[in-house]
Each structure stands twice: as C-alpha cells, then as structure tokens.
Amino acid sequence: MVKVVEQVTPPRRKRFNKNKKKAWRKKANISEVEERLEDERREERYGGPLEERKDSEMMFVDLGDGEGEANKTETGDEELTLEYTVDKIPADSGKVQLKPRKVKVKTAKLKSHEFINGLPGAKPPRKPKKGQVTLTMSMKKKKERQSQDPRLIKKRVEAMSQIVQDYQKSVKKPKTVIKGNYNTDLWEEGADEVTKECKKKGLEESFITAISDYYRRERRMKPIKVPKVRHVPTSKLDAVTVPHPGASYNPSYESHQKLLLRAVKQEEKRLRKEEKVVRATTKMFPTIDKAPTQASWLAEMSEGLPNADDDDEEEEEEDEEVKEEEKKEKEEETEETKEEEKAEEAEDIEEATDDSENENEENSSQEDNTEQGEEKTETKKKTKQAPSDKVTVSSKPQSERKTKKVRRKEMRLKLQQIKKQKEKEERIRNSNIYKLKTYQKEIVQEDQEAEQRTASRRARKEHLKSMPRRLANMKFEEEDLAVNLGDELPDSLRTVAPVVELLEERFKNLQRRNILEPRQKHKLKRKYKPKVVLKRGHREELARIEKMDFTD
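Residue indices follow the written sequence of each chain, beginning from 1 at its first position. For this predicted model, a pLDDT threshold of at least 70 governs which residues receive local features, and a threshold of 80 or more governs which side-chain atom pairs are given and counted, while totals over whole chains, interfaces and linings are taken from all residues. To get the side-chain values, take all heavy atoms of the structure and skip hydrogens and water.

### Describing the overall build of the protein
Heads up, the condition is: Secondary structure follows DSSP: runs of H or I at least 4 residues long count as helices, runs of E at least 2 residues long count as strands, and numbering of each begins at the N terminus. Contacts between residues were defined by any pair of non-hydrogen atoms, one from each residue, lying within 4.5 Å. Method for areas: the Shrake-Rupley scheme with a 1.4 Å probe, in which residue coverage is limited to the protein chains shown.
Scanning the protein from terminus to terminus reveals 16 helices and 2 strands. By sequence separation, contacts in the protein at least 24 residues apart represent 52% of the contacts at least 6 residues apart. With an accessible surface of roughly 56000 Å², the protein has 53% of that area assigned to carbon and sulfur atoms.

### A few points about a nonpolar patch on the surface
What counts is decided by this rule: Patches in this entry comprise residues that are over 30% relatively accessible and not in a salt bridge; like charges within 9 Å are linked, as are nonpolar side chains (Val, Leu, Ile, Met, Phe, Trp, Tyr) within 5 Å. By salt bridge we mean one thing: a side-chain nitrogen of Lys or Arg within 4 Å of a carboxyl oxygen of Asp or Glu. Each residue is assigned to one of three classes by its accessible area relative to the maximum for its type, calculated with a 1.4 Å probe on protein chains only: buried under 20%, partly exposed between the two thresholds, exposed over 50%.
Together, Ile433, Tyr434, Leu436, Tyr439 and Ile443 give the surface a local cluster of nonpolar side chains, amounting to about 580 Å² of exposed area. Inspection of the secondary structure assignment puts Ile443 in helix 14 (residues 436–465). With relative accessibility at 43%, the residue Ile443 sits in the partly exposed group.

### Looking at unusual backbone geometry
Of note, Asn514 is a non-glycine position whose phi angle comes to about 65 degrees, a positive value. One can find Asn514 in the loop between helix 15 (502–512) and helix 16 (536–547).

### Describing the layout of surface pockets
Quick reminder of the rule: Only protein atoms enter the 1 Å grid used here. Points where a 1.4 Å probe fits but cannot escape make up a cavity, open sets with protein on both sides within 12 Å along at least five of seven lines make up a pocket, and a residue lines them when an atom lies within 4 Å of a point. Grid points are joined across faces, edges and corners, and a volume is the space filled by probe spheres set on the points. Under the grouping applied here, Gly and all other residues not named as nonpolar or charged are polar, the nonpolar ones being Ala, Val, Leu, Ile, Met, Phe, Trp, Tyr, Cys and Pro and the charged ones Asp, Glu, Lys and Arg.
In this structure, the largest pocket occupies an estimated 1900 Å³ of space. At the level of elements, helix 9 (253–281) and helix 15 are the ones that each hand at least two residues to the lining of the largest pocket. The biggest single contributor to the lining of the largest pocket is helix 9, with 8 residues. In terms of residue class, the lining of the largest pocket is made up of 19 nonpolar, 10 polar and 18 charged.

### A short note on the packing of helix 7 (residues 193–201) against helix 8 (residues 205–218)
Stated precisely, the cut-off is as follows: Only the contacting stretch of a helix is used when fitting its axis, a line to C-alpha atoms as for every element, and angles between N-to-C directions run 0 to 180 degrees. Any angle that is under 35 degrees is reported as roughly parallel, and any over 145 degrees as roughly antiparallel; angles of 65 to 115 degrees are reported as roughly perpendicular and all others as oblique. The hand of a helix crossing depends on one turn: near helix anticlockwise from the far one by less than a right angle means left-handed, and clockwise means right-handed.
For the pair helix 7 and helix 8, interaxial distance at closest approach is 9 Å and the crossing angle is 155 degrees. In terms of their interaxial angle, helix 7 and helix 8 are classed as roughly antiparallel. The two elements helix 7 and helix 8 cross, and the hand of that crossing is right-handed. Residues Val194, Thr195, Cys198 and Lys199 of helix 7 lie in contact with helix 8, whose contacting residues are Glu205, Ile208, Ile211, Ser212 and Tyr215. Partitioned by chemical class, the residues of the contact of helix 7 with helix 8 number 5 nonpolar, 2 polar and 2 charged.

### Remarks on the side chain of His256
Within the secondary structure layout, His256 lies in helix 9. Apart from the residues lying within four places of it in its own chain, the contact partners of His256 are Gly246, Pro251, Asn484, Leu485, Gly486 and Leu489.

### What about the confidence of the model for the protein?
This is how it is decided: pLDDT is defined as a per-residue confidence score from the predictor, taking values between 0 and 100.
Taken over all residues, the pLDDT of the protein has a mean of 76, while the share at 70 or more is 69%. Low pLDDT (under 50) marks residues 187–191, which in the prediction has 6 contacts with non-local residues, meaning those over four places away or in another chain. Here residues 384–391 scores under 50 on pLDDT; set against residues more than four positions off or in separate chains, the count is 1 contact.

### So, the pattern of salt bridges
Throughout the structure, instances matching the rule amount to 15 salt bridges. Residue Glu38 pairs with Arg41 through a salt bridge whose shortest N-O separation is 3.3 Å. Residue Glu38 and its partner Arg41 are located together in helix 2 (residues 31–45), separated by 3 residues, close to a single helical turn. Looking at Glu38, the relative accessible area reads 35%, which means it is partly exposed. Overall, the relative accessible area of 41% leaves Arg41 in the partly exposed class. Among the ionic pairs, Glu274 bridges to Arg270, the shortest N-O distance being 2.8 Å. With Glu274 and Arg270 both in helix 9, this residue pair falls 4 residues apart, about one helical turn. A residue is classified by how much of its surface remains accessible, and Glu274, at 40% relative accessible area, is partly exposed. Since its relative accessible area comes to 36%, Arg270 is described here as partly exposed. Within this structure, Lys236, Glu462 and Lys465 form a network of salt bridges that share partners.

### Quick look at a positive patch on the surface
Test applied: Only four residue types enter the tally: Lys and Arg on the positive side, Asp and Glu on the negative side, with His and both chain ends excluded. Charged side chains are reduced to one point each, which is NZ for Lys, CZ for Arg, CG for Asp and CD for Glu.
Among the surface-exposed residues, Lys269, Arg272, Lys273, Arg470 and Lys475 lie close enough to one another that they form a single positively charged patch. Counting through the fold element by element, Arg470 comes out in the loop between helix 14 and helix 15.

### Brief notes about the side chain of Ser255
Tracing the chain through its elements places Ser255 in helix 9. The contact partners of Ser255, leaving out residues within four places of it in the chain, are His244, Pro245 and Gly246.

Here it is as structure tokens:
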C-alpha cells in the first residue's frame, strides 16, 4: 500500500565557511533585503509609505464627467491650444478648409517622465529630527554665560576684533608695493577643459590650479619637465672625424711620414709605461742567483758585534778613559770653587764701602744698613756651611703690596699709552687721504687680474669641451693609430683592405664625445674552483672497456 506523504522535508542546507570574505559576497542570501529596499523605493516614488500619508492626499471626491468646476480645474493648469483653426466654411462643398497656425503651440508634458523629478507631494525618505542639535562643551558654556549676562558675548566679540586690528597694525608691510591693474585672466588662454569648467562654476583660483594639476597628472597630459642641459652638446668634437691624410690608400710622402711619426710617439709612450711598471715591481727585487743566502744574512746581521778575543783589550781601554774623565771633572770643580770665593769677597768689599758712605749721610740709615750687611753676611755663611741639597728656592717671588700712589701712576701711564695709540691711528687714517691715487691703481690692477682669471677659466672650459672627461673609474685611452707601412700600401683599389674595424671606431668615438663611459670587457671570475665529476654510468663503462681484450 502506497503511503501519501503530506509534508516533504526540505533539502539539507549546504554548509560552507563563513570566516572568509568570499563567502560573505557569494554565499550570503540578500534577496529579502533587496525586496524590502525595492518596496521602500517604490513607496517613495508614489509619495511615501501609506502609514505616513494623510487621507486627503490619498482620497478625493469624483464629480463625474460633466462640465463642472472639477474638470475646469483639472484642465486649467495645462496650456491647450489647437494647431488648426476654422478659417471659413464654403457653401459649395460640405468640407471644412483648415488653415495652419504660424506660431508654435506649447504642448503638455508627457506623463511617462512624471517621476523623474519626484511627485509633487512626495516627502523626503529620511525626515530630519526637529529640535535635535549636537552641542559641544564650548557651546554649552557659551549659552550658560549668555543666559547669565547677555552683554558678555558682545564685549567678547569687540575685544577679539580689537586684538585682530592691533595685530594687523603691528605686522610690518613691505615698503615697495607694485601697484597695477590685474584685470587679465591668466586662465583664459592656454588652459585645458578642466580649468575652463572650473572657471564657469566660479571656483577659487587656489582650487583650480590643484584640480588642473591633478587632472593632467592622472591623464598623463602634463608635459615632462626637460632639464636645462638636455640640448647642450656633451662635446665640441664632430660625430664623424675626418681621417688623417696619411691614412689614405694613396698618400703623399710627407703626410705618410707625419702619420708614422705620430704612431711611433704613441708606441714609445706605451713602452715607457710598461717599463715603469717592470722597474717598480720586478727589477726592485734580486734574481735567484743574487738573492741573499743564510750565511750572507748571518754575516750582515753580525757585522759590528764584538768578538771574544777583543773583550779584554776593550775593557782596559774603557777603564783608562774613565780615569781620565774623573781627573778632568775634579780639576774643573776646584776651578769653579775658587772663582766663587773670589766673587763673594768682591761683593763683601762693595757692601762695606756702601755702609761707610751711608754713615756720613744719616745716622738712622747707617744703623739699618749695618744690620742688613750683618744679616747678608750671616746668610752667606750659612749658605756656605749648609750643603747644596738642602737649599730651597720658592717658585713665586715675594713682592710687597702696591700702594695706591703706585697704582694711580700705572693707570695714568696706561691711559696715556692708549691715547697715544689712538692719536697714531687717527693720524694714519688722515694721511690715507693722500693715497687715493695709489688705491685707485691697486683697484684697477685687481680688476684686470680678475678679468684675466675669468678669461683664462673660460678658455680652459672651452678647451675641456673638446676633451674626453672622466665619467667612470677608468680613463679614456686612445685607440692605436691605423697606419700602413711603406711596403704595405696597396697598389690599386682592388687590393685595399680595411685597416680599422668600423664598430670599434664608432664605439671609441662615442666615448671620446662623453656619450658613453670608458669600460673594459667583462671577464667572468669564479669564486670557487669548478669540481669535475665523472658520471657513474660513464665510469662503469670505462672500467668495462679497460677490461676488454683487444689482442684478437
């Protein structure tokens, strides 16, 4: 018996990961949301949702099809005129002749475009909430102050305006202001479509420049700024140099000899460089036959050292020399002591004479001098008796304090010296007036020297323009001159062979004109030694071949 299933179980929902953005876009079902939004848009087109519309907007009284006021009001707004009018009705024919109007008639708008600008009674989709304004803390404080004292806000505004005026007065304006009538429109000529459109809409000039630059940059319309040295030639040399007349297939004797001389000088210069390298490296070190051996090295290092036999003789000589030196030192010491004693005696005699003269003049001063003389003699005796090791000498001399009189005198002398120096400087300055002619000559001479320096510098720059510059680590080296010797000159044009390779000559010419930098041919250098390995199959095959017998 067949059972009838009334309720069919829905198919099991397919599960998928929801933690990926891909699932949000593709797997999410948003059909319900779209339907609801579509209903809302439809209601907005027809004047808003039904719950919010008034009864008077949705209902009206139908007065029928008669010629009433309702029909007049409906058709009164539209301008309806006939395109054809009845001019006359002829009596013969029963037809009506119509005459077209010359003036065009305004027709009513199509109803198919009714909802482009929205219905007249439609409300905005989102109503602004009345009376709801977000207030900041400063606005709240301002309202509180205004409620307390309404004049406070007015005083505050006046104070702020006064501060601004004072600041504008304090700012220094430029003295020279160019006055002119700026009536010309900078954007009128040479402007793109964007700037013209912006000017029509009445935008500010500061915004127009930014918009125009952005538009040109994004559309790749802005011209690239070319550097100033773009069209300046890198060298004054010609792109194709005329070869020397001696390099011709049929040169004259003089031109051929001149070219040979140039080639010889170039070769001599190259050989001198090679010889310099050899002289500074290889020739500085001796060859194997002239290299020092162990015996020669030992003899050279031990040269000047004493031998064992000569030790005793040298010791005796040294003892004799020491004794002689000691005798000389003793003699010199005795002579020095005698001279010191004589000098001290002479000083004592001089002091005694001074004391006797002072006694005759003043008694008081005589006593002081005698005491001083006694003190000096005592100190001298003490110094004679005391050993030389115990004598102490102070680094700073003991000087008495200057009196006010001495200081005033020193100050006066110092001021006089300063005054003399100023007078001297003033005198020299005044005398310089009479040297105006010499100064004028010096100025003229300096100007001439400066002009000569600038001229020589300019001439050097012009000369360097025809020379290859240093563009890389390497210097430019001239290629070898292509010269045919006398016996290598061709007999006819059929036997002429190219002496110079064309690509190499062009490459060197580009380097000479500072278009390419001098370079060397790249050489591959291995950082490691390549390992040679024989394959296993080859090795087995070679071993099998070696075992084979080829005697038969």
